[in-house]
Amino acid sequence: MILFASSVLNLTELVALRSDLGKLKKILYFHENQLVYPVKKCKERDFQYGYNQILSCLVADVVVFNSVFNMESFLTNIGKFMKLIPDHRPKDLESIIRPKCQVIYFPLRFPDVSRFMPKHKTRHLQKMLNLKGNGSAASTVALPFQREQGSSENLLKNSDIEPGPCDAAKEENLGSSFMPESYLKTCNSSKNSSSRHGEKEQNPYDSLSGGDDQPRPLHIVWPHRWEHDKDPESFFKVLMHLKDLRLNFHVSVLGETFTDVPDIFSESKKALGSSVLHWGYLPSRDDYFHVLCRADVVVSTAKHEFFGVAMLEAVYCGCYPLCPKDLVYPEIFPAEYLYSTPEQLSKRLQNFCKRPDIVRKHLYKGEMTPFSWAALHGKFRSLLTTEPREDL
C-alpha cells in the first residue's frame with residue numbers, strides 16, 4: 001500500500017497521529033512550495049507553512065516536484081529559511097532530503113478543441129493533434145475547414161435558420177456582458193438591413209476572426225488567479241500604456257477570484273472599456289477553451305509560478321506565450337517567448353498590436369508532449385507501484 005499526499009498536508013502530524021500509516025511507502029507531491037512564496041507581509045503562520053513542508057519531507061520516503069524550478073527553489077532555500085529560527089537549528093537538511101527528490105511534471109489531458117479553432121490556427125491544430133494518445137484529441141478529428149465542407153455534418157445540421165451577425169458576435173463573447181458597443185450597433189443595423197432587402201449582409205464576426213479587409217485587433221488573454229502573486233498591476237499597467245499609444249487591441253481577463261480581489265481589477269475594467277471581450281471566471285470548460293482558441297497572445301506577469309497549467313493550455317489552443325524570464329518559465333518555454341522587464345513586454349505587445357498577423361502566422365516552437373498524460377502516465381504508474389513489505 002502507498003500513502004500519496006500533497007505538500008499542503010502536514011505529513012509529520014498525520015503519521016504521528018496514525019502510527020500505522022508510518023509503515024506505508026509515503027510519497028509527497030509538491031505542486032508549490034512555501035519557502036519562496038512572495039508574501040505581502042511576513043507573519044508567523046507564513047513560517048509555519050514552510051516549516052511543515054520541510055518536516056514532511058523528512059518523514060516522506062519519496063518527494064516529487066512538478067518542475068525542476070520547484071525542486072531547486074525549495075532545496076536551496078532550506079538553509080536560509082531555517083535561519084529564521086533563533087536557536088537549535090537542524091543542520092544538513094538539504095543533503096538529507098535531496099536524495100529522496102525527483103521531478104515528474106504535472107500531467108495535462110489536452111481536450112479536443114478543433115470545433116473552436118479559427119482557420120488561421122489549423123496548422124497549429126494539426127501539430128497538437130499529433131500528440132498521440134493524449135487522452136482525448138485524436139488525429140482523426142476533423143479540422144474546422146473540413147467540417148465546413150460536409151453537407152450533413154456541419155455545425156448547423158440541427159438548425160433550419162442561419163445564424164445572424166449578432167449570434168456570431170455573441171458566440172465570440174460567450175454570453176459575456178462585455179460586448180463592444182460597435183458590434184452591437186453593427187448587429188442591429190445588419191438585422192434591419194437584412195429584413196428590408198432579404199439578402200445576407202457581411203457578418204461582423206468576420207472582422208473578429210481575422211478577415212482580409214479588416215483584420216481584427218490583437219486579442220490578449222490573461223488566464224490567472226486574481227491575486228497579488230500573479231502581479232495583475234504590471235499587466236494592466238502595460239495595457240494602459242498600449243491605450244495611451246492609441247493601439248487597438250482586445251483583452252480577456254479570466255481566472256478565479258477569491259475573498260480579497262485586488263482593487264486594480266475593477267479600476268482596469270472601467271479604464272479598458274470597449275477593449276474588454278471577457279471579464280471574469282468562466283465556469284464552463286468549453287467556454288474557457290473557446291476563448292483561448294480565439295485569443296492571439298497569452299501573457300503571464302507572475303511573481304510566483306512553479307508550473308503554469310493555464311499558460312500551457314493557452315499555448316495548446318494556439319496562443320503566442322509571453323512569460324517572465326524567471327521562475328519555471330525558462331524550463332518550459334523557449335527563449336523567444338520570454339521577457340526580462342515590463343518594458344520588454346510592452347514593446348512586444350506594441351509590435352503585435354501593429355502587426356497581429358505576425359502571431360497569427362506563428363507556429364509554436366516549443367514542446368508540448370513532455371507535459372501530456374500520454375508521456376507521463378508511465379512515470380506515475382511506476383511511482384505508485386511498490387513491492388510488498390513483510391512488516392505490513
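Above this text sits the structure in question.
Just so it is clear, the model here is predicted, and its values are computed rather than measured.

K.L.:
Even after reading the chapter, I still don't get the pattern of salt bridges, so can you show me in this structure?
P.N.:
Once the charged atoms of two side chains with opposite charge are near each other, the side chains can pair. Evaluated as defined, the whole model comprises 12 salt bridges. Here Asp229 and Arg225 are joined by a salt bridge, their closest N and O atoms 2.9 Å apart. For Asp229, a relative accessible area of 0% corresponds to the buried category. Note that Glu305 and Lys230 form a salt bridge whose closest N and O atoms lie 2.8 Å from each other. Of the two residues, Glu305 sits in the loop between β8 (297-299) and α14 (309-316) while Lys230 sits in the loop between β5 (218-223) and α11 (232-244), which places them 75 residues apart along the sequence.

K.L.:
Quick question: what am I supposed to make of helix α18 (residues 373-383) here?
P.N.:
Every buried residue of α18 is listed here: Leu376, Phe380 and Leu383. Down the axis of α18, the buried set is contained in an arc of 50°. They therefore lie on one face. More than 90 degrees from the buried face of α18, the exposed residues found are Arg381 and Ser382. Contacts from the buried residues of α18 go to β1 (2-6), β2 (25-30), β3 (62-65) and β4 (101-103).

K.L.:
When you look at the packing of helix α13 (residues 285-294) against α14 in this model, what are you seeing that I'm missing?
P.N.:
Each packed pair of helices is defined by two parameters, the angle between the axes and the distance between the axes. In contact at an axis separation of 8 Å, α13 and α14 are set at 65° when each is read in the N-to-C sense. The hand of the α13/α14 crossing is right-handed. Counted together, Arg285, Tyr288, Phe289 and Leu292 of α13 and Ala310, Glu313 and Ala314 of α14 form the full contact between these two elements.

What counts and what doesn't
Residues numbered from 1 in each chain as written. Predicted model: local features only at pLDDT ≥ 70, side-chain atom pairs only at ≥ 80, totals over all residues. Heavy atoms only, no water. Salt bridge = Lys/Arg side-chain N within 4 Å of Asp/Glu carboxyl O. Buried < 20%, exposed > 50% of the residue type's maximum accessible area, 1.4 Å probe, protein only. Helix = DSSP H or I, 4+ residues; strand = E, 2+ residues; numbered from the N terminus. Arc of directions from axis to C-beta. Contact = heavy atoms within 4.5 Å. Axes fitted to C-alpha atoms, helices over the stretch in contact; angles between N-to-C directions. Left-handed = near helix turned anticlockwise from the far one by under 90°.

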